[in-house]
Amino acid sequence: MQRGDRVSKQAVAYVQGLGISGDVSRRVFLLIAELTKQSQWAEDPPLVMGLNLRDSDVPALAAHLRITPEEFRLQLRLLRDTINMDVLEHAADGLWEIIYGPSYTNPVPAARRATSPGAPAGPIEDFSMPGWDKYSTWGWEERLGHLYAQIIHNSDDRDAEPRIWITPPRHVLRTVDELAEAIAVAIAPYEAVPPPASVIKMWLTR
């Protein structure tokens, strides 16, 4: 069996086990599970699964379920508010980042915490890079067992969507070195002289 098929079947089994009462919400989530083909987590079954869904694909998916595109989007938001999962709506990119799995209901043990030098003492730490230091944060997501970052430029509205999200399923990071490398790549287009990962790590841990 292909890995993608296995992940999809595991995702479907997980969603079925949630016992979602709403018929439309359940069908939307099951369709998302069927489309989930990859997980960056080494565990089998994976602790976290995810899917990046283009908003331009929503009309076809909605038609498959015999609902309107707006109803499909509404159900994604409803799932976000009623199920232990993340549904990140990136309006600027026309992207839905959907993240879910057993770690949302069965937290990763504390022993899995990142152990590299500079690992955060708590769930939220400041990111001190000049030009990005007013609102940007990073930290440890206790229930999922990974590092994350929300990087916001000082000129941006602090309540707006962060320019840079470092989260699963695109990034599953457990060490500060890995996080620094991911931020360095993501932040490079916004900097005249892109800082290397070693400098990003300094601004994470200083």
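Here we summarise the structure given alongside this text. (Residues numbered from 1 in each chain as written. Predicted model: local features only at pLDDT ≥ 70, side-chain atom pairs only at ≥ 80, totals over all residues. Heavy atoms only, no water.)

**Observations regarding the sheet that holds strand 7 (residues 164–166)**
- Read from one edge of the open sheet, four strands run 4-5-6-7, paired in antiparallel fashion. Where the open sheet ends on each side, the last strands, each with one partner, are strand 4 (125–126) and strand 7.
- Taken together, the two bridges between strand 4 and strand 5 (residues 137–141) define a ladder with antiparallel strand orientation. Bridge pairing in strand 5 places Glu 125 opposite Trp 138.
- Packed onto the sheet, helix 5 (residues 176–187) meets strand 5, strand 6 (146–151) and strand 7 and runs at close to 30° relative to strand 6. (Pairing = 2+ DSSP bridges. Helix = DSSP H or I, 4+ residues; strand = E, 2+ residues; numbered from the N terminus. Contact = heavy atoms within 4.5 Å. Axes fitted to C-alpha atoms, helices over the stretch in contact; angles between N-to-C directions.)

**As for the packing of aromatic side chains**
- Under the definition given, this model contains three aromatic pairs.
- Between Phe 29 and Tyr 100 the ring centres are 5.1 Å apart and the planes differ by 80°, which places this aromatic pair in the edge-to-face class. Of this pair, Phe 29 sits in helix 2 (residues 23–35) while Tyr 100 sits in strand 3 (residues 95–100), placing them 71 residues apart in sequence.
- For the pair Trp 132 and Tyr 190, a centre-to-centre distance of 5.8 Å together with 65° between the ring planes defines the contact as edge-to-face. Of this pair, Trp 132 sits in the loop between strand 4 and strand 5 while Tyr 190 sits in the loop between helix 5 and helix 6 (197–205); the two residues are 58 residues apart in sequence, bridging distant segments of the chain.
- Classification of Tyr 190 as partly exposed rests on a relative accessible area of 39%.
- Each residue in the set Tyr 14, Phe 29 and Tyr 100 is aromatic and connected to the rest through ring pairs, giving one cluster. (Phe/Tyr/Trp six-rings, centres within 6.5 Å; stacked < 30°, edge-to-face > 60°. Buried < 20%, exposed > 50% of the residue type's maximum accessible area, 1.4 Å probe, protein only.)

**Quick notes on unusual backbone geometry**
- One non-glycine residue, Arg 66, lies in positive phi territory at about 60°.
- With respect to the helices and strands, the residue Arg 66 is situated in the loop between helix 3 (58–64) and helix 4 (69–82).
- For Arg 66, a relative accessible area of 79% gives the class exposed.

**Describing the side chain of Thr 137**
- As for its position among the elements, Thr 137 is in strand 5.
- Leaving out residues up to four positions away in the same chain, Thr 137 has contacts with Ile 124, Glu 125, Asp 126, Phe 127, Tyr 148, Ala 149, Gln 150 and Ile 151.

**Here's the deal with the sheet that holds strand 1 (residues 49–54)**
- Overall, antiparallel pairing links the three strands, which are arranged 1-3-2 in an open sheet. Either end of the sheet is taken by a strand with one partner, and the two such strands are strand 1 and strand 2 (86–90). Between one strand and the next, the sheet's axes are offset by a mean angle of 10°, whatever the strand orientation.
- Two elements, strand 2 and strand 3, share five bridges in a ladder whose sense is antiparallel.

**Section: the pattern of salt bridges**
- With the rule as written, the count across this model stands at nine salt bridges.
- As a salt-bridge pair, Glu 89 and Arg 77 come within 2.8 Å of each other at their nearest N and O atoms. Taken together, the residues Glu 89 in strand 2 and Arg 77 in helix 4 connect sequence positions twelve residues apart.
- Accessibility expressed as a relative area gives 31% for Glu 89, which makes it partly exposed.
- Within the structure, one salt-bridge network assembled from shared partners comprises Asp 55, Glu 70, Arg 73, Arg 77 and Glu 89. (Salt bridge = Lys/Arg side-chain N within 4 Å of Asp/Glu carboxyl O.)

**Thoughts on helix 6**
- When we look at burial in helix 6, the residues that qualify are Ala 197, Ile 200, Trp 203 and Leu 204. On an axial view of helix 6, the arc spanned by its buried residues comes to 115°, and they lie on one face.
- Buried residues along helix 6 sit in contact with strand 4, strand 5 and helix 5. (Arc of directions from axis to C-beta.)

**Considerations on the side chain of Arg 73**
- On the secondary structure map, Arg 73 appears in helix 4.
- Overall, the relative accessible area of 16% leaves Arg 73 in the buried class.
- The residues contacting Arg 73, other than those within four sequence positions of it, are Asp 55, Val 58 and Trp 96.

Just geometry here; none of it tells us what the structure is for.
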